[in-house]
Every structure is written in structure tokens, then in C-alpha cells.
Amino acid sequence: MSADRLVIVDGDCDTAEIADYEATRRDAMRRGLIAGGAVLAAGTVPMLLRVSNAFAQSDGDVGIIEGAVAIEQEAVAAYDFAFKSGVLSEPITQAARLFRDQEQEHANALTAALEDLGGEAPEPPEPADVQGLTELRSEQDVLAFAIELENAGVMAYIDAMSTLQSPGLLKTGAQIMANEGQHLVVLRLAMGVSPAASVPSAFEAGTDGPPTT
Amino acid sequence: MDVACIIRDPISRRRFFGRAGVTFVGGSAVFLSACGESQDQKDEENEPSSPEADIDILNDALALELTAVEAYTKGAPLLTGAVLGAGEAFLAHEEEHAAALEQAIVDLGGKATAVKQELDYSALQTQEDVLEFANNLENVAISAYVDSIPKLSSGPLRATAAQIVTNEAEHVSVLLAALGVPAVPSAFVAGNPEALG
């Protein structure tokens with residue numbers, strides 16, 4: 001997917017600052033600027049930048065896990081909104097509910113780990129805080145959005161693998177990342193690709209955008 | 001399908017599990033050795049390792065990947081249609097994993113000494129047999145990678161291992177879907193070191 005699919009509508013953020021951050025698709029994804037073919041509202045960028053900063057600039061496990069909790073909370077909000085949106089077919093509705101519950105399991109586990117480390121979980125976002133989410137109008141919109149959301153999570157966990165110190169957190173992070181990859185498979189299949197194409201790369205890097213079918 | 005029937009030769013089975021570190025019998029057992037141990041023991045074993053230990057871990061991973069390459073190669077003739085397409089793609093993925101691991105071993109100054117394990121594939125008679133066997137093999141590999149990640153000494157190696165284990169987990173979802181069972185059964189993909197019996 002090319003970076004030009006990421007469209008930012010100017011809001012109450014400084015566009016030049018955003019452009020500086022969004023030099024590459026990878027950077028954009030790491031900051032949670034979810035595209036999915038949707039037009040994004042820049043007004044929510046500050047929260048997402050804060051999430052990304054926890055991953056990118058943290059010098060310890062607490063900051064990394066705080067960022068991971070925020071990402072998982074965002075995923076919970078997104079799947080919950082999608083589940084209740086009324087635009088999904090029955091099978092996709094059930095998948096969205098399952099994935100919401102699994103993202104909640106991730107958030108709960110990471111929150112417990114964070115509290116053990118002396119940290120405090122951020123407040124869960126409202127749907128309106130997740131940029132682009134409330135603008136989704138069709139099942140294809142939701143699927144593409146969810147793929148970008150999962151991609152952002154995968155990228156964040158890859159980064160976390162390099163920086164986390166705790167063996168237990170490394171193991172848990174790998175298990176969660178693998179689950180996000182499984183979500184990606186289901187989402188890609190739902191977009192109509194073949195089973196082979198639902199696993200497009202031997203190394204899941206979170207860089208394969210929604211399939212174009 | 002009775003998976004145990006596939007691995008009829010107990011000597012080969014012990015060699016496979018030992019070399020892969022799967023059941024902690026012989027071999028380096030570095031790659032996976034956490035089953036049945038206390039958390040303190042796990043934490044102790046999960047201390048960051050040296051490049052030399054990394055080479056052992058990567059060779060054990062390579063053995064699993066080479067075994068997976070053979071398994072998908074042996075199973076492919078029993079697959080049809082879209083499932084065959086997936087099997088061929090997964091075979092290519094395992095080959096890519098093996099090549100990357102070999103390169104990483106060389107980059108660390110080591111030698112790729114791993115060899116594929118000799119399994120008995122004669123019990124594979126149907127597409128369903130192949131799907132179930134592949135699912136079990138993938139789960140063994142997932143368990144091994146998840147346990148190995150904290151033991152690898154460098155961030156880039158851990159990141160690459162996480163990308164591989166996520167790919168294996170994705171294979172599992174496709175295999176489960178093809179078997180007609182839930183494709184994402186757990187929020188935490190831990191694999192199963194004893195999936196092959």
C-alpha cells in the first residue's frame with residue numbers, strides 16, 4: 001500500500017508538524033494514524049502521538065506497556081463500535097465481537113503487568129477518540145480499518161520485542177502479536193482473498209495494507 | 001487422525017523432540033525448556049544469552065523450519081484447490097524462515113548445523129490428515145519460538161523471531177479455517193510443545 005492512501009484532514013493540529021512526523025508509511029502506522037481508505041480527522045492525532053511516543057521514546061518497560069495498553073484499548077473501542085455498527089454481516093459481526101473480547105484480554109493482561117511495575121493504565125478512549133472510526137460506513141470500510149489497526153499493533157509489538165527487558169513481558173508480547181496476526185488473516189479472508197493470499201509475507205511486519213480485490 | 005501414528009519410530013521421535021528442544025530430552029534443549037518448571041526457573045533460564053547461545057537457539061529453530069519444509073512438501077500432493085495454494089505458500093514461507101535463520105547463524109559467526117528430523121508421513125492419507133498434522137507441527141514451532149524469544153540476546157533477533165512466530169500463527173488460522181473449526185481460538189497464541197504427541 002502506498003503512503004498516499006493516508007489522508008489527513010486538517011483539524012486542530014499543526015499540519016506541518018504532522019507532515020514532519022508522517023514521512024513514511026511505517027512511521028505513520030506506528031503512530032496509529034489509521035488509514036484503511038478512510039479520511040482521517042487530524043483532531044485526534046495528539047492522543048495517538050502520545051501513544052506512539054510511549055513506544056518510541058520510552059526507556060523502560062513501564063512506558064512500553066503503557067503504550068501497549070493504549071493500543072489495545074483503542075482496538076477494543078474500534079471492534080466494539082464495529083460490532084454494534086449494524087453495517088456488518090453476521091459472520092463479520094461475530095468475528096468483531098470475538099476480536100473485541102480478545103483485545104480486552106490483552107488490555108487486561110497488560111494492565112495487570114503495568115500495575116505490577118508501578119504504572120497506571122490510561123483511560124480507555126471513546127469511539128470518537130479513535131480517528132476515522134465513526135466515519136466508517138460499510139463492511140469493507142470496517143475491514144480495511146481493522147486491518148490497519150492490527151497492522152499498527154503488529155508494528156508496535158515488533159518494536160517492543162527490541163526494547164522490552166522483562167522475559168515474561170517479551171513472551172506475552174509475542175503471544176499477543178501472534179494473535180493480532182491471526183486477526184489479520186480472518187480480516188483478509190473476509191475481504192475476499194484466497195487462503196494463500198491471507199498470509200502475504202513469511203515475516204509478518206504489519207506492512208501489508210488491506211487487499212485490493 | 002491419530003497423530004501418534006505418524007511418528008511411529010520412537011527413536012526418531014526422541015531425536016526430533018530432543019534436537020528441537022521440545023520435550024527436553026537431550027540435545028541443547030535451549031530452544032524450549034520451560035514446561036513444568038517454576039516461574040523462578042523460567043526467569044533464570046530466560047536471562048539474556050550470549051551470541052554463542054543464540055547460535056544454538058537459531059540452529060534448533062532451523063531444525064524445526066527444515067522439518068516444516070519437508071512436512072509441507074510431503075503433504076502437498078494430498079491437497080487440492082485453494083488449500084493446495086495455501087500449502088504451497090506456507091512451504092515457501094518456511095523456506096524463507098530457514099534461509100533467514102541460516103544467514104543469522106552465519107552473521108553471528110556460527111555454522112548452520114541443523115538437519116530436518118525424520119518423521120513418518122505414511123499415516124497421512126487425506127487432506128484433513130495433512131491439515132491436522134501441519135497444525136500440530138506449527139503449534140510445536142510456535143511454542144518453541146515463544147519460549148526462545150526472551151533468551152535471544154539481541155533486539156533485532158527477537159523482533160525477527162516474533163515476525164516468524166506470528167507468521168506461523170497465521171498459518172495455524174488458515175489451517176484451522178480449512179478444517180472448519182474456529183480460526184482464532186485464543187487471545188494468547190502460545191502453541192503446544194506436545195502437539196505432536
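It should be emphasised that the depicted structure is a prediction, and the values quoted were computed from it without experimental measurement.

Draft legend 1. Inspection of the overall build of chain B at higher detail. When you go through chain B residue by residue, the secondary structure sums to seven helices and zero strands. For chain B, buried positions account for 53% of its 197 residues. Contacts in chain B between residues at least 24 apart in sequence constitute 75% of all its contacts with a sequence separation of at least 6.

Draft legend 2. Representation of the environment of Phe90 of chain B in the model. All names here are of chain B. If you trace the backbone, Phe90 turns up in helix 5 (residues 81-107). When the 28 C-beta atoms within 10 Å are taken as the criterion, Phe90 is described as buried. The contacts of Phe90, once residues within four sequence positions are left out, are Tyr72 and His171.

Draft legend 3. The nonpolar core, seen in detail. Core analysis: the largest hydrophobic core is formed by 107 residues, its most contacted members being Ala78 and Met161 of chain A together with Tyr145, Ala162 and Val165 of chain B. Counting residues per element, the ones that place at least two in this core are helix 4 (61-83), helix 5 (90-116), helix 6 (139-163) and helix 7 (167-190) of chain A together with helix 4 (51-75), helix 5, helix 6 (127-148) and helix 7 (155-179) of chain B. At 15 residues, helix 6 of chain A tops the list of elements feeding residues into this core. If we ignore the near neighbours within four places in the chain, the residues touching Tyr145 of chain B are Ala61, Ala161, Ile164, Val165 and Glu168 of chain B.

Scoring rules and cut-offs
Residues numbered from 1 in each chain as written. Chains lettered and ligands numbered in written order. Predicted model: local features only at pLDDT ≥ 70, side-chain atom pairs only at ≥ 80, totals over all residues. Helix = DSSP H or I, 4+ residues; strand = E, 2+ residues; numbered from the N terminus. Buried ≥ 20, exposed ≤ 12 C-beta atoms within 10 Å, placed from the backbone. Contact = placed C-beta atoms within 7 Å. Core = buried A, V, L, I, M, F, W, Y, C linked by C-beta atoms within 7 Å.

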